[in-house]
Amino acid sequence: MSTQEDIAVTYDVSNDFFKLWLDRRMVYSGALFEGTDDLEQAQTNKLRFFHDKTRLTPQSRVLDIGCGWGSLMEFLSVDMGVGDVNGITLSNAQYDLVKAKNLPGATVDCISYLEYQPAEKFDAIISIGMFEHIATPEQARSGEHVALYREYFRLAREWTRPGAYFGLQSVIGALYPRNRQELRDIAWGTYTIFPGAITPRPEVIFQAVNPYWEVMEFYTRREHYAKTTAEWARRLEANEALIRERWGDRVFEDYKRYLWGCVMAFEKGYQSLAQVILRRID
């Protein structure tokens, strides 16, 4: 899996840097542009989608695996009134920001899911944009990734009560690029911006959930993520002068290349986005 050092490369550039080009909630994952062209509303749509699909109520106890800067945790706690919201992240910068929010009924831990041991079982689990960090590119090439994904799903089941739902969002591999430059651009983004991470194939997810979870619903949101990354790229470019001044030319150039590379990959179908609703097998 991605190490804490890998995670720092990806997420610890600077909280202020990400605030410049993400939405106001700082959601660093694909939005859901249903009935809107506005990024802010589209991200709220996505958070509400997972709240509704995992059957959450104010009495629920829920875990956010890979909680980021706490956008989902804040939405569930403050907007939806869920009473017991828990998050884990490997990023120190993200952990500090979530702690500073002091969300009602919420707790956060800076820990690997492999070491996490909750005091109580959960009614539901949501994980958005963390699944890509479970296996490294090397582990995927060697075939180890399926066992790693299956262990992740086993642990998730262990942490839940009977009848629990699990909402999962992950970038997934789709078509293979035949253009060498496009292949190099995708690989560059993987190793430079997301070291230690790899996008799974959808069939691998179906394979790894067994025998712990049943796939109830499966959605692909390729065009939605293309739209999300294009909006991020435009916001990044709108802040070019400030980014170059505060974080240097290299950071701006790297993220510009990465974000427009994502737009290309999603528009051409090399990558897609999966939203999977799972129910615990009892």
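The shown structure was predicted, so the numbers you read here are calculated from the model rather than taken from an experiment.

**Q** Provide a residue-level description of the sheet that holds strand 3 (residues 106–110), including the pertinent values.
**A** Taken in spatial order, the 7 strands of this open sheet run 3-2-1-4-5-7-6, and their pairing is mixed. Looking at the sheet topology across the chains shown, the edges are occupied by strand 3 and strand 6 (213–220). For this sheet, the mean angle separating the axes of adjacent strands, direction not counted, is 15 degrees. Sheet topology note: the strand 1 (residues 61–65)/strand 2 (residues 84–89) ladder contains 5 bridges and is parallel. By the bridge assignment, Asp 64 is partnered in strand 2 with Gly 87. Helix 5 (residues 92–101) rests against strand 2 and strand 3 of the sheet, and its axis sits at about 160 degrees to strand 3. Across the face of the sheet, helix 7 (residues 145–158) comes into contact with strand 1, strand 4 (122–128), strand 5 (160–173), strand 6 and strand 7 (271–280) while running at roughly 150 degrees to strand 5.

**Q** So what's going on with the packing of aromatic side chains? Residues and values would help.
**A** This structure, assessed with the given rule, holds 28 aromatic pairs. Ring geometry for Tyr 116 versus Trp 159: centroids 5.3 Å apart, planes at 85 degrees, classification edge-to-face. You can see Tyr 116 sitting in the loop between strand 3 and strand 4 and its partner Trp 159 sitting in the loop between helix 7 and strand 5, a full 43 residues away along the chain. Assigned by exposure class, Tyr 116 and Trp 159 land together as buried. Both rings, one in Phe 131 and one in Tyr 152, keep their centres 5.4 Å apart while their planes meet at 75 degrees; by these two values the pair is edge-to-face. Here Phe 131, found in the loop between strand 4 and helix 6 (137–142), pairs with Tyr 152, found in helix 7; they are 21 residues apart in sequence, far enough to count as distant.

**Q** Explain the packing of helix 3 (residues 39–53) against helix 4 (residues 71–79) to me, using residue names and the numbers behind them.
**A** Two quantities define a packed helix pair, namely the angle between the helix axes and the distance between the axes. It is at 10 Å that the axes of helix 3 and helix 4 come closest, and there the two elements cross at 65 degrees. Between helix 3 and helix 4, the crossing angle belongs to the class labelled roughly perpendicular. For the crossing formed where helix 3 meets helix 4, the hand is right-handed. Across the interface between the two elements, Thr 44, Leu 47, Arg 48 and His 51 of helix 3 pack against Ser 71, Leu 72, Phe 75 and Leu 76 of helix 4. Here the residues of the contact of helix 3 with helix 4 sort into 4 nonpolar, 3 polar and 1 charged.

**Q** Which residues make up unusual backbone geometry, and what values do they have?
**A** The omega torsion of the bond from Asn 210 to Pro 211 falls at 5 degrees, within 30 degrees of zero and hence cis. Structurally, Pro 211 can be placed in the loop between helix 9 (202–209) and strand 6. Even without glycine at this site, Met 26 takes up a positive phi of about 65 degrees. Residue placement: Met 26 occurs in the loop between helix 2 (15–21) and helix 3.

**Q** Help me get a handle on the pairing of strand 1, residues and values and all.
**A** Of all 5 residues in strand 1, 5 are buried; the element is thus mostly enclosed. Neither face of strand 1 is exposed, since Arg 61, Leu 63 and Ile 65 on one face and Val 62 and Asp 64 on the opposite face are all buried. Between the parallel pair strand 1 and strand 2, the chain is carried across by helix 4, and the sense of this crossover is right-handed. Here 3 bridges tie strand 1 to strand 4, and the two strands are oriented parallel to one another. Bridged to Val 62 within strand 4 is Ala 124.

**Q** Describe the pattern of salt bridges, and please don't skip the residues or the numbers.
**A** Going through the model one piece at a time under the given rule, you end up with 26 salt bridges. Between Arg 234 and Glu 231 there is a salt bridge, with the nearest N and O atoms lying 3.2 Å from each other. Taken together, the positions of Arg 234 and Glu 231, both in helix 10 (residues 222–238) and 3 residues apart, correspond to about one turn of that helix. Look at Arg 234 and you get partly exposed, because its relative accessible area is 43%. When salt bridges with common partners are traced through the structure, they connect Glu 40, Glu 231, Arg 234 and Arg 235 into a single cluster.

**Q** An account of helix 10 is requested, with residue identities and associated values reported.
**A** When the terminal C-alpha atoms of helix 10 are compared, their 25 Å separation across 17 residues agrees well with the 24 Å that a helix rising 1.5 Å per residue should span. Listed as buried for helix 10 are His 224, Tyr 225, Ala 226, Thr 228, Thr 229, Ala 230, Trp 232, Ala 233, Arg 235 and Leu 236. Against helix 2, helix 3, strand 5, helix 11 (240–247), helix 12 (249–267) and strand 7 lie the buried residues of helix 10.

**Q** So, the environment of Leu 90: which residues are in play, and what are the values?
**A** Mapped onto the fold, Leu 90 is located in the loop between strand 2 and helix 5. Overall, the relative accessible area of 16% leaves Leu 90 in the buried class. For the pair formed by Leu 90 and Glu 132, sequence separation is 42 residues and the distance between their alpha carbons is 14 Å.

Rules of the game
Each residue is numbered by its place in its chain's sequence as written, counting from 1. A pLDDT threshold of at least 70 governs which residues receive local features in this predicted model, and a stricter bar of 80 or more applies before side-chain atom pairs are shown or counted, although totals over entire chains, interfaces and linings include all residues. The side-chain values count all of the structure's non-hydrogen atoms but skip hydrogen atoms and water molecules. A strand pair is defined by DSSP finding two or more bridges across the two strands. Put simply, DSSP marks the helices as runs of H or I at least four residues long and the strands as runs of E at least two long, and each gets a number from the N terminus on. Simply put, an axis is a line fit to the C-alpha atoms, just over the touching stretch for a helix, and the angle between two N-to-C directions goes from 0 to 180 degrees. When checking whether two residues touch, look at their non-hydrogen atoms; a contact exists if any pair is within 4.5 Å. Pairing of aromatic rings covers Phe, Tyr and Trp, the last through its six-membered ring, and needs centres within 6.5 Å; plane angles under 30 degrees mean stacked, over 60 mean edge-to-face, and all others mean tilted. For every residue, the accessible area obtained with a 1.4 Å probe (protein chains only) is divided by the maximum for its type, and the residue is called buried under 20%, exposed over 50%, and partly exposed between those limits. For classification, angles of less than 35 degrees are called roughly parallel, those exceeding 145 degrees roughly antiparallel, those between 65 and 115 degrees roughly perpendicular, and all remaining angles oblique. The crossing is said to be left-handed when, going from far helix to near helix, the turn is anticlockwise and less than a right angle, and right-handed when the turn is clockwise. Classification convention: Asp, Glu, Lys, Arg as charged; Ala, Val, Leu, Ile, Met, Phe, Trp, Tyr, Cys, Pro as nonpolar; all other residues, Gly among them, as polar. By the criterion used throughout, a crossover qualifies as right-handed when its path from the first strand across the helix to the second strand runs clockwise, the strands pointing away from the viewer. By definition here, a salt bridge exists when the distance from a side-chain nitrogen of Lys or Arg to a carboxyl oxygen of Asp or Glu is within 4 Å. An expected span of 1.5 Å times one less than the residue number is assigned to each helix.

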